[in-house]
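Examining the three-dimensional arrangement
Here is what each chain is made of, one letter per residue.
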Amino acid sequence: MNTKVCVVGLGYIGLPTSIMMASHGVNVVGVDYNKALVDKLNSGHMTFKEKGIDDIFFDAISKGIKFSHEGVSADIYIVAVPTPYNKLSKKIDPSYVINAVKDVMSVCSKGAIIVIESTISPSTMDKYIRPVIEKNGFVIGKDIHIAHAPERIIPGNMVYELQHNSRTIGVDEPYIGEKIKEIYSSFCQNEIVITDIKTAEMTKVVENTFRDINIAFANELAKICRQDNMNVYEIIKIANKHPRVNILQPGPGVGGHCISVDPWFLVGDYPNLALLTHEARKINDSMPEFVLERISCIMEERGITDVSRVGLYGLTYKEDVDDVRESPTLQLLENMKKHLASGVKVFDPMVANKNIVPNMIYDFDEFLDSIDILVVMVAHSHLKKNINKIKDKIIFDTRNVFELNKNVYKL
Ligand code: SAJ
C-alpha cells in the first residue's frame, strides 16, 4: 500500500492502532508530543501492558514503523488524543483534538485526510473542528478532508477486538470513506460501515452510555438487595436465564476513560433530555461511597477499629489492565480524604508507579501481613492465582470472586 498514514497520539488507542496497521503492511508513522514516550518506543519498549500486544509491537518494528515527536507529512492522519469532559459544564473539552488538528495543518499537503478516532460528542466536528480548519485558510472537501472513525476496542482484549470488531467511519463524501476503509481493512476483518460524521459521533457516545446505564441498573439492584438482605448475584444469575434479560454485574464503581466520561457529553449537551443517562451516572459515581460505608459496617461488625488494617486490592479501573484513570479505588480514596480519614493500605500487581497513592505496598505477602480486612476492588488474575494465601482473611469482595462464607462479605 502506498498510502502513508500518520497516527497522532500514541496512547491506549493510538499506539495499538498504529502498530496493528504497520504489522499488516501499512506505511505508518506514529507521532506524539511526548519525547520520552517516543524515545522509549524507538528503543524497542512498549509503554503499557496488554494481552498479545508485545508481539504486534515487535512485528510492526520489523516492518518499519517509525515513531516521532515532530509532525510529518502523510496522506491520512488518524488523531487519537484524549477528550476529557469539563467537570463543571459536563461538556467535552475538545482542546487536545483541536491542537492535534492544528499541528496536522502545519505539516500536511493538499488533499490530506484527517480522521478523528478520539471519542467526541455529537456536533464536535461542526462546532470546533470545521471552524479551526476554515480559519486556517483550508477548504474542507478540497484542501483537507475530515472524518470521524471512533474505536470500539476493550482494554484487556484490544488485539483481538481491533481485528474482529465492526467499525464506523463518518464522512462528508463516501469516496473519502472508501479511502479510509481501505486502510482499516488491512487488519479489520469485520464490517466497516460508512455513514455521516454526526451519526458516527452520536453512535459512539450511545454505545458507551448504553453500557453505563446497564451497569447502573446492576449497581442499583445491589443497593436494593443489600437493604433487604437478598443475594444480588443469585438474583441476576437466575434473571439472566430469561431469553431477553442480560443484566451486567454490580461493582465498586465505573472507571476508565470511556464509560465514566462519554455519557456526560449527552448530559452536558442535552440536560433536559438525557435524564436516565444522568441518573445512571450518579448511581455509578455513588458506588465508591457505598463501598466505603460497607467497609465501615464490616469493621464495626468484626470489632476492627484501626483503618490501617484495611487493605484495598486493586488500583486500576478494572481487571488485568494497568490503567488507573477514573478508577473506583482512586475515587474511594478521594472520598476517604473528604471524611478526613486515611491510612488504608493499597496493593496492585499491575501498577508499577509507586507514588500514585500513599500507603501502597509492593510485596503481596507484606501487604497481607499488614491487614485484617482485604477489600477486593479489582479481580486481577493475580488474585485468583493466590486465593490460598488469602483464605484466613476477612474479605470484602466487591467483584464476586469468592464463595460466600462467614468471612466473605459482598456488596
Ligand atoms: N463494570 C462493572 N460491571 C460490569 C462491567 C463493567 O462494574 O458488568 C465496570 C468495570 O469494572 C470498569 C468499567 O465498568 O470499571 C468500564 O469497564 P468496561 O470493561 O465495561 O469498559 P471499558 O471502559 O474498558 O471499555 C469501553 C467499551 N465499551 C463498551 O463495551 C460499550 C469498549 O468497547 C470501548 O472501546 C471503550 O469503552 C472506549 O474506548 O470507548
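Small disclaimer: the values here were computed from a predicted structure and weren't measured.

A word on the pattern of salt bridges
Throughout the structure, instances matching the rule amount to 18 salt bridges. Between Lys35 and Asp39 there is a salt bridge whose closest N-O contact spans 3.0 Å. With Lys35 and Asp39 both in helix H2 (residues 35–42), this residue pair falls four residues apart, about one helical turn. On the basis of relative accessibility, which here comes to 36%, the residue Asp39 falls in the partly exposed class.

Observations regarding helix H5 (residues 124–135)
Its 12 residues give H5 an end-to-end C-alpha distance of 16 Å, which sits within 8% of 16 Å, the value for a rise of 1.5 Å per residue. Packing partners of the buried residues in H5 comprise helix H4 (95–105), strand E5 (112–116), strand E6 (144–148) and helix H8 (197–227). With its phi angle positive at about 85°, Gly137 sits one or two positions after the end of H5.

As for H2
Listed as buried for H2 are Leu37, Val38 and Leu41. Along H2, the residues classed as buried sweep out an arc of 100° about the axis, all on the same side. Contact partners of the buried residues in H2: helix H1 (14–23), helix H3 (53–62) and strand E3 (66–68). With a side-chain oxygen positioned 3.1 Å from the backbone nitrogen of Ala36, the residue opening H2 is Asn34. The positive-phi residue at the C-terminal boundary of H2 is Gly44, with phi of around 85°.

A few points about the sheet that holds strand E8 (residues 192–195)
The strand order E3-E2-E1-E4-E5-E6-E7-E8 describes an open sheet built from eight strands, whose pairing is mixed. Edge strands, defined here as strands with exactly one partner in the open sheet, are E3 and E8. Direction aside, the axes of adjacent strands within the sheet are offset by 25° on average. As paired elements, strand E7 (residues 167–171) and E8 share four bridges and run parallel to each other. For Thr168, the partnering residue across the bridge sits in E8 and is Val193. Packed on one face of the sheet, H4 meets strand E1 (4–8), strand E4 (76–79), E5 and E6 and runs near 165° to E5. Across the sheet, helix H7 (residues 174–184) touches E1, E4, E5, E6, E7 and E8, and the angle it forms with E7 is around 150°.

Regarding the packing of H8 against helix H10 (residues 262–269)
Where H8 meets H10, the axes come as close as 7 Å, and the angle between the chain directions of the two elements is 110°. In terms of axis orientation, H8 runs roughly perpendicular to H10. Here Met202, Lys204, Val205, Asn208, Thr209 and Asp212 of H8 lie close against H10, whose contacting residues are Asp262, Pro263, Phe265 and Leu266. Taken together, the residues that form the contact of H8 with H10 break down as five nonpolar, two polar and three charged.

Considerations on the side chain of Thr119
Mapped onto the elements of the fold, Thr119 is located in the loop between E5 and H5. Among the residues examined, Thr119 registers a relative accessible area of 10% and is labelled buried. With sequence-adjacent residues up to four places away left out, Thr119 is seen in contact with Thr83, Ile92, Glu151, Lys204, Val205, Asp262 and Phe265.

Considerations on the site of the ligand
Of all residues adjacent to the ligand, which total 20 residues, the nearest are Arg152, Lys204, Asn208, Arg211 and Tyr317. Side-chain polar atom of Lys318 to an oxygen atom of the ligand: 2.9 Å apart, as the coordinates give it. Each residue belonging to the shell around the ligand can be placed in one class, and the counts come to nine nonpolar, four polar and seven charged. A domain split of the shell around the ligand shows at least three residues from each of domain 1 (4–198) and domain 2 (251–410).

Considerations on the sheet that holds strand E13 (residues 408–410)
With respect to topology, five strands assemble into an open sheet ordered E10-E9-E11-E12-E13, the strand pairing being parallel. Strands at the two margins of the open sheet, each flanked by one partner only, are strand E10 (345–347) and E13. The mean inter-strand angle of the sheet, taken between neighbouring strand axes irrespective of direction, is 20°.

Section: a nonpolar patch on the surface
Nonpolar side chains collect at one region of the surface, where Ile224, Met230 and Ile235 lie side by side and expose about 250 Å² of accessible area between them. Counting through the fold element by element, Ile235 comes out in helix H9 (residues 232–239).

Things to note about the packing of aromatic side chains
Throughout the structure, instances matching the rule amount to 10 aromatic pairs. Note on Phe347 and Phe364: the rings are 4.9 Å apart at their centroids and 40° apart in plane angle, and the pair reads as tilted. In this pair, Phe347 sits in strand E10 while Phe364 sits in helix H14 (residues 364–369), placing the two residues 17 residues apart along the sequence. Assessed through its relative accessible area of 4%, Phe347 is described here as buried. Given the relative accessible area of 7%, Phe364 is considered buried. Through a chain of ring-to-ring contacts, the aromatic side chains of Tyr313, Phe347, Phe364 and Phe367 assemble into a single cluster. The side chain of Arg167 reaches across the aromatic face of Tyr184, ending 4.1 Å from its centre. In this arrangement the basic side chain of Lys410 is found over the ring face of Tyr233, its NZ or CZ atom lying 5.5 Å from the centre.

Cut-offs applied
Residues numbered from 1 in each chain as written. Predicted model: local features only at pLDDT ≥ 70, side-chain atom pairs only at ≥ 80, totals over all residues. Heavy atoms only, no water. Salt bridge = Lys/Arg side-chain N within 4 Å of Asp/Glu carboxyl O. Helix = DSSP H or I, 4+ residues; strand = E, 2+ residues; numbered from the N terminus. Buried < 20%, exposed > 50% of the residue type's maximum accessible area, 1.4 Å probe, protein only. Expected span 1.5 Å × (residues − 1). Contact = heavy atoms within 4.5 Å. Arc of directions from axis to C-beta. Polar contact = N/O pair within 3.5 Å; in protein donor to acceptor, adjacent residues only side chain to side chain. Pairing = 2+ DSSP bridges. Axes fitted to C-alpha atoms, helices over the stretch in contact; angles between N-to-C directions. Parallel < 35°, antiparallel > 145°, perpendicular 65-115°, else oblique. Nonpolar A, V, L, I, M, F, W, Y, C, P; charged D, E, K, R; others polar. Near = heavy atom within 4 Å. Domains from an automatic or database assignment. Patch = residues over 30% accessible without salt bridge, like charges linked within 9 Å, V, L, I, M, F, W, Y side chains within 5 Å. Areas by Shrake-Rupley, 256 points an atom, 1.4 Å probe, with all protein chains shown as cover. Phe/Tyr/Trp six-rings, centres within 6.5 Å; stacked < 30°, edge-to-face > 60°. Lys NZ or Arg CZ within 6 Å of the ring centre and 35° of its normal.

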